[in-house]
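Listed below, chain by chain, are the residues.
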Amino acid sequence: MKPQGQNVVSMSWIAQQIDAITGESDPKLKLIYQSAPLAGVGDTLRNNVVENGYLYQNSRAAPGLRIWNVYDPSAPVLLSTLGVYGIDLRKSGRYVYSTDVANRIRVIDVSNPSAPFILSTLTDAVRLDTGHGTFLVDDLLFVAAYGGYEVIGDDDYFTIIDVSDPTNPTILSAITDPLLDGIHDIHVDGRYAYASTHYGGGAVDRGSLVVIDVSNPAAPAIVGSALATPGNSYAHLTKRGPYVFTGVHAGGEGNLTVYDVSDPTAPVEISQITTHGPYWMSWYGKYLVMAGAEYLNLFNVTIWDASDPLNLRLVDSWSIPGATDSRNVFVDGKYAYVTYMDSTNGYLLVFEIEQVQTPSQYELYQSSRDYAEKLFLR
């Protein structure tokens, strides 16, 4: 006999309760590898790129470029080094494009990761002065040449290089403007390039976000800009949908700043979050994985839920004991590759990003239904 009145269990009510508790959990960082000390004091150990089981890592000091086999992320193997001393690098096909501290862009053939070699070099003491961030789109390499460190008004450049012939890269165009002072990084999306700067706001501790129309790469033009809140000198930036996220270069904890660039001619700051010095960022689905800037010994690696750019939410953090500087993070699949420095050496860390899959709504619903039927409907 079926129970009557208050004993009747509503299957729809059970489903509603299940809806409130199902879904994936937030990701967590699990350290699975830490290298032995690598040569590179201070901020010399720089950016990583991972592709097809190999990690390409730049350094401003000897031995320069490192190539690692990371087919097993828990046990990277250093395959080779090359005397190219730079900050940022991009990879396409068999080539790596790297900045060089000596005002150069190097094209490196890495078809044999165990024996890389310099294929060509482009040098320009003005338009490639201290090349920093880069962005590669097809046959165009965009370079942020920020010139002298903490030097305001020294004609820093946004430079576009034609790399259609890797043996002979050539400068296609370059522009300079006070808004580009201390240009640090570039992100290109469609007809627009977004550039972050250290000092484009007119002071050492005030950067800028600059929007550049690159629909004609031979004649790029600034079409929009926004000045940072004083105290924020911008570093890396990334774009997702109509939003640009900018990290900070230095100075205390600093802020992650989010801009709405729905109208590229008029970027609007919509949120700021103190995030323990976010220097570099990489995406893991809807999450931003961040590496902290210098002068901080806490929360050197963090994960933020960025599904709502107005309300970013910290979901996990990892403090690296003794770290003075965490400069780069690159997410490949479920692994995050991080470079950091202490007062003496540089290191490579690999984190597994763990995300527990909770049962689906259907599975929980069926389980609850079976239980209810056994309990009430016998």
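Note that the structure is a prediction, hence the values are computed from the model and not measured. (Residues numbered from 1 in each chain as written. Predicted model: local features only at pLDDT ≥ 70, side-chain atom pairs only at ≥ 80, totals over all residues. Heavy atoms only, no water.)

Moving on to the overall build of the protein. A tally of regular secondary structure across the protein gives 2 helices and 28 strands. Split into buried and exposed, the 378 residues of the protein put 52% on the buried side. When contacts within the protein are restricted to residue pairs at least 6 apart in sequence, those whose partners lie at least 24 apart make up 49%. Taken as a whole, the protein presents about 15500 Å² of accessible surface, with 51% of it coming from carbon and sulfur. (Helix = DSSP H or I, 4+ residues; strand = E, 2+ residues; numbered from the N terminus. Buried < 20%, exposed > 50% of the residue type's maximum accessible area, 1.4 Å probe, protein only. Contact = heavy atoms within 4.5 Å. Areas by Shrake-Rupley, 256 points an atom, 1.4 Å probe, with all protein chains shown as cover.)

Counting residues in each nonpolar core, the largest one holds 21 residues, and the members touching the most others are V289, V301, I303, V329, V331, F351 and I353. In contact with V289, other than residues within four places in its own chain, are W280, M281, S282, Y284, V301, T302, I303, V329, V331 and I353. Grouped together as the second largest cluster of nonpolar side chains are 18 residues, A144, I175, L180 and V188 included. (Core = buried A, V, L, I, M, F, W, Y, C linked by side-chain atoms within 4.5 Å.)

A separate point is the environment of Y157. As for its position among the elements, Y157 is in strand β12 (residues 157-162). The class of Y157 is buried, set by a relative accessible area of 16%. Linking Y157 and Y146, residues 11 residues apart in sequence, is a C-alpha distance of 6.6 Å. Not counting the four nearest positions on each side in its chain, Y157 is found in contact with V126, R127, V143, A144, A145, A174, I175, T176 and I183.

Spatial strand order, β10-β11-β12-β13: 4 strands in an open sheet with antiparallel pairing. Of all strands in the sheet, those with a lone pairing partner are β10 (131-137) and β13 (170-176), marking the two edges. If you compare each strand with its neighbour and ignore which way they point, the axes differ by 20° on average. Note: β12 against β13, 6 bridges, orientation antiparallel. Each bridged residue has a counterpart across the sheet, and for T159 the counterpart in β13 is A174. (Pairing = 2+ DSSP bridges. Axes fitted to C-alpha atoms, helices over the stretch in contact; angles between N-to-C directions.)

Another aspect to go through is the packing of aromatic side chains. Across all of its chains, the model carries 6 aromatic pairs by this definition. A centroid spacing of 6.1 Å and a plane angle of 45° characterise the contact between F142 and F158, whose relative ring orientation is tilted. Note that F142 is positioned in strand β11 (residues 140-145) and F158 in strand β12, a separation of 16 residues in sequence. Like F142, the residue F158 is buried in the burial classification. Look at Y234 and Y259: their rings are 6.3 Å apart centre to centre, the planes differ by 85°, and that puts the pair in the edge-to-face class. Linking Y234 in strand β18 (residues 234-240) with Y259 in strand β20 (residues 255-260), this pair joins segments that are 25 residues apart in sequence. When sorted by exposure, Y234 lands in the same class as Y259, which is buried. The ring centre of W283 lies 3.8 Å from the NZ or CZ of R240, which sits over that ring. (Phe/Tyr/Trp six-rings, centres within 6.5 Å; stacked < 30°, edge-to-face > 60°. Lys NZ or Arg CZ within 6 Å of the ring centre and 35° of its normal.)

Turning our eyes to something else, we now look at the environment of I186. With respect to the helices and strands, I186 occurs in strand β14 (residues 183-189). Aside from chain neighbours lying at most four places away, what touches I186 is G133, T134, F135, F142, V143, A144, F158, A193, Y194 and L237.

Below, the discussion takes up the pattern of salt bridges. Under the defined criterion, the tally for this structure stands at 13 salt bridges. Measuring nitrogen to oxygen at the nearest pair gives 2.8 Å for the salt bridge that ties R313 to D26. Taken as a pair, R313 in strand β25 (residues 313-318) and D26 in the loop between α1 (11-19) and β1 (28-34) lie far apart in primary sequence, 287 residues in all. Residue classification places R313 among the partly exposed residues on the basis of a relative accessible area of 37%. Salt-bridge contacts for R106 lead to D100; the nearest nitrogen and oxygen are separated by 3.3 Å. The class for D100 is buried, based on a relative accessible area of 1%. A cluster of three or more residues bridged by salt bridges with shared partners is formed by D26, K286, D305 and R313. (Salt bridge = Lys/Arg side-chain N within 4 Å of Asp/Glu carboxyl O.)

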